[in-house]
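# Chain and residue survey
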Amino acid sequence: MASVEVGEVRLPLSEAIYISLQNVRRRFARVAITTASVTLGIAFFVSLMMMASFQAQVGGAGVQPYMYWLLFISLLVCGVGITNSMLIAVAERYKEIGTYKCLGALDRHILEMFLIEAILVGGIGGLAGYVIGLVAAVIYAVANPSVGLQGALAALVKPNPAVPLAGALPVAVGLFVLGVGIAVLLSLIATIYPAYYAARLNPAEALRYEI
Amino acid sequence: MALRYEYTVETEDLAKYYKMGAYIVKALDGVNLKIRRGEYVSIMGPSGAGKTTLFNMIGGLDRPTRGKVYIDEVDISKLDAYELAWLRARKIGYIFQTFNLIPVLTALENVMLPMIFAGVRREERIRKARELLERVGLGDRLYHRPTELSGGQQQRVAIARALANDPAIILADEPTGNLDLQTGLEIINLLRQLNKERGVTIVTATHDLKMIDVSDRIVYLRDGRVERIETRAEIAVEAEEY
Ligand SMILES: Nc1ncnc2c1ncn2[C@@H]1O[C@H](COP(=O)(O)OP(=O)(O)O)[C@@H](O)[C@H]1O
Ligand SMILES: [Mg+2]
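Residues numbered from 1 in each chain as written. Chains lettered and ligands numbered in written order. Predicted model: local features only at pLDDT ≥ 70, side-chain atom pairs only at ≥ 80, totals over all residues. Heavy atoms only, no water.

### With respect to the overall build of chain A
Within chain A, the secondary structure is distributed over eight helices and zero strands. Its helices and strands in sequence order give chain A the pattern α-α-α-α-α-α-α-α, from N to C terminus. For 211 residues, the compact-globule estimate of 2.2 N^0.38 gives 17 Å, and the C-alpha radius of gyration of chain A, at 21 Å, exceeds that figure by more than 25%. On the principal axes, the C-alpha backbone points of chain A span a range of 85 × 35 × 30 Å. (Helix = DSSP H or I, 4+ residues; strand = E, 2+ residues; numbered from the N terminus. Rg over C-alpha atoms; globule rule 2.2 N^0.38 Å.)

What follows is the structure, encoded as structure tokens:
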């Protein structure tokens, strides 16, 4: 009996990124739902940290220990939301995943495509969350005479050591880095299970699935 | 192509059982088939006969309960996940009833996809994808996405995609099932032309008698078993009798 001389099977990173980008662009409604979860979590995180920094600036209470707990829980909820939404995205694409496998995709290629999508979703959601959080915090400052716009601006350009990990940077920059970073990381972690599930699908089963 | 094998596909006592609670569904139950290189074979059978299951086994998409599948004389049960992926990318082209194009990619990108997995250079991918789309009559639809194409056009893209890596065999599972009669016949005739012009072996499943008169052989499948096999000559005789 003959044996095969197997050549390579590959999916260059640039192509995987291109496909994931197309998925994000062309499936915007679906992606927006996943992104909303990230956006809300990060907006809450950023606004809470900023408001506390404003308070500290004008001699108020500043960041309270209970806030960390509140933030932790809110990000956890947000992560569960991403996982849930990504699981639906996988279910919607059963047939597509089966097709990729027919065309030569390895399990890890499927995993890669979903994880890159998670990074994109996290990045977009983090950016949007930061902007919304910033706007909310500034509105809070303006509406609160003890802080005011002046107090807010002063606080934004000054480091606040109470901000975790990014306490050395000016608050506006530190929370940007931290917010987007957490968003990407959270989205990645929350997508590991759905992506792994998608990658392991048996192609025959995946193709049978009718939506 | 370095080696030429007489048989592209061989199955030996091929069986696939599914457990459904207390029942066992015998989707395939001892199928022996030999398909020659360059043949055009139709698998005829009513819904539930086991056509898709047979394709899944031949196409390396699922493991049989019993028996063997040889593609170009290689026993595919011996292949690991990497080798199977390579086999699917290089040796087999798949065509489905529901077209299964990647919706977010253009026609050109869909045809290029199998060549990406096969490691073909970018310029060569583009050249070949264009050439194939022109061959199936879609030279002016390169940048359309599946939703912007009719069913018949989508199936043509799928045919071009199936040919991208010059596979030894094309497996077409009810390729005309979602098309009207006229478009379906056009697709079947295109497959037959490509079969003659490129020597690619084609196995297609259908439950529509109107789709089989291009075949070299017809395999009648029922309840997971081969009921009978007709050759071209016999088909011609029958056609005259009608
Ligand atoms: N994954 C599965 N689980 C259980 N039963 C299955 C599965 N796939 C196919 N079958 C059963 O196997 C038989 C053959 O199915 P199939 O190969 O799809 O037939 P065809 O393609 O000829 O219509 C049917 O009775 C079907 O219900
Ligand atoms: Mg079927």
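And the narrative resumes.
### Quick notes on the interface of chain B and chain A
Chain B puts 35 residues into the contact, and the matching count from chain A is 34 residues. Carbon and sulfur atoms make up 67% of the surface buried where chain B meets chain A, a total of about 3,200 Å² over both sides. In this assembly, chain B and chain A are joined by two salt bridges. Mapped by element, the contributors of at least two residues to the side of chain B that touches chain A are helix H2 (81-90), helix H3 (107-117) and helix H4 (122-135) of chain B. With seven residues, H2 of chain B is the single largest residue contributor to the side of chain B that touches chain A. The residue makeup of the side of chain B that touches chain A, split by class, is 21 nonpolar, four polar and ten charged. (Contact = heavy atoms within 4.5 Å. Buried area = accessible area lost by both parts, 1.4 Å probe. Salt bridge = Lys/Arg side-chain N within 4 Å of Asp/Glu carboxyl O. Nonpolar A, V, L, I, M, F, W, Y, C, P; charged D, E, K, R; others polar.)

### With respect to the side chain of Arg 30 of chain A
Relative to the helices and strands, Arg 30 of chain A resides in helix H2 (residues 28-57). With near-sequence residues (within four places) excluded, Arg 30 of chain A lies in contact with Ser 85, Ile 88, Ala 89 and Glu 92 of chain A.

### As for the sheet that holds strand S1 (residues 7-20) of chain B
Residues and elements named next belong to chain B. Read across the open sheet, the four strands follow the order S2-S1-S4-S5; overall the sheet is antiparallel. Each having just a single partner strand, strand S2 (23-36) and strand S5 (74-75) make up the two edges of the open sheet. Bridge count for strand S4 (residues 66-71) against S5 is two bridges, and the pairing is antiparallel. In the sheet register, Tyr 70 faces S5, and the bridge partner there is Asp 75. (Pairing = 2+ DSSP bridges.)

### Describing the pattern of salt bridges
Residue and element names in this part refer to chain B. One pass over the structure, following the stated rule, counts 30 salt bridges over all chains. In this structure, Lys 91 engages Asp 72 in a salt bridge whose closest nitrogen and oxygen atoms are separated by 2.7 Å. With a gap of 19 residues between them, Lys 91 in the loop between H2 and strand S6 (92-95) and Asp 72 in the loop between S4 and S5 connect regions that are remote in the sequence. You'll find Lys 91 and Asp 72 in the same group, each marked buried. (Buried < 20%, exposed > 50% of the residue type's maximum accessible area, 1.4 Å probe, protein only.)

### Here's the deal with helix H1 (residues 13-26) of chain A
With 14 residues, H1 of chain A should reach 20 Å at 1.5 Å per residue; the first-to-last C-alpha distance of 20 Å fits that figure. Every buried residue belonging to H1 of chain A is among Glu 15, Ala 16, Ile 19, Ser 20, Gln 22, Asn 23 and Val 24 of chain A, and all of these are buried. (Expected span 1.5 Å × (residues − 1).)

### Some points on the packing of aromatic side chains
Enumeration over the complete set of coordinates arrives at five aromatic pairs over all chains. For the ring pair Trp 69 of chain A and Phe 72 of chain A, a centre distance of 6.0 Å and an interplane angle of 25° mean the geometry is stacked. Of this pair, Trp 69 of chain A and Phe 72 of chain A both sit in helix H3 (residues 65-92), three residues apart, roughly one helical turn. Classification of Trp 69 of chain A as exposed rests on a relative accessible area of 56%. By relative accessible area, Phe 72 of chain A is classed as partly exposed at 47%. On the numbers, 6.4 Å between centres and 5° between planes, the contact of Tyr 94 of chain B with Phe 96 of chain B is stacked. Each member of the pair, Tyr 94 of chain B together with Phe 96 of chain B, is buried. It is Arg 228 of chain B that lies over the ring of Tyr 220 of chain B; its NZ or CZ is 3.9 Å from the centre. (Phe/Tyr/Trp six-rings, centres within 6.5 Å; stacked < 30°, edge-to-face > 60°. Lys NZ or Arg CZ within 6 Å of the ring centre and 35° of its normal.)

### Some thoughts on the site of ligand 1
Taken together, 14 residues lie near ligand 1, and Arg 208 of chain A together with Gly 48, Lys 51, Thr 52 and Thr 53 of chain B sit nearest. Each of chains A and B places residues near ligand 1. In the environment of ligand 1, an oxygen atom lies 3.0 Å from a nitrogen or oxygen atom belonging to the backbone of Gly 50 of chain B. Here an oxygen atom of ligand 1 and a backbone polar atom of Lys 51 of chain B are 2.8 Å apart. For ligand 1, the protein covers 78% of the area, taking 560 Å² as the surface of the free molecule. Contributions of two or more residues to the shell around ligand 1 are made by helix H8 (203-208) of chain A together with S1, S2 and helix H1 (51-58) of chain B. At three residues, the largest contribution of residues to the shell around ligand 1 is made by H1 of chain B. Among the residues making up the shell around ligand 1, the classes are represented as six nonpolar, five polar and three charged. (Near = heavy atom within 4 Å. Polar contact = N/O pair within 3.5 Å; in protein donor to acceptor, adjacent residues only side chain to side chain. Areas by Shrake-Rupley, 256 points an atom, 1.4 Å probe, with all protein chains shown as cover.)

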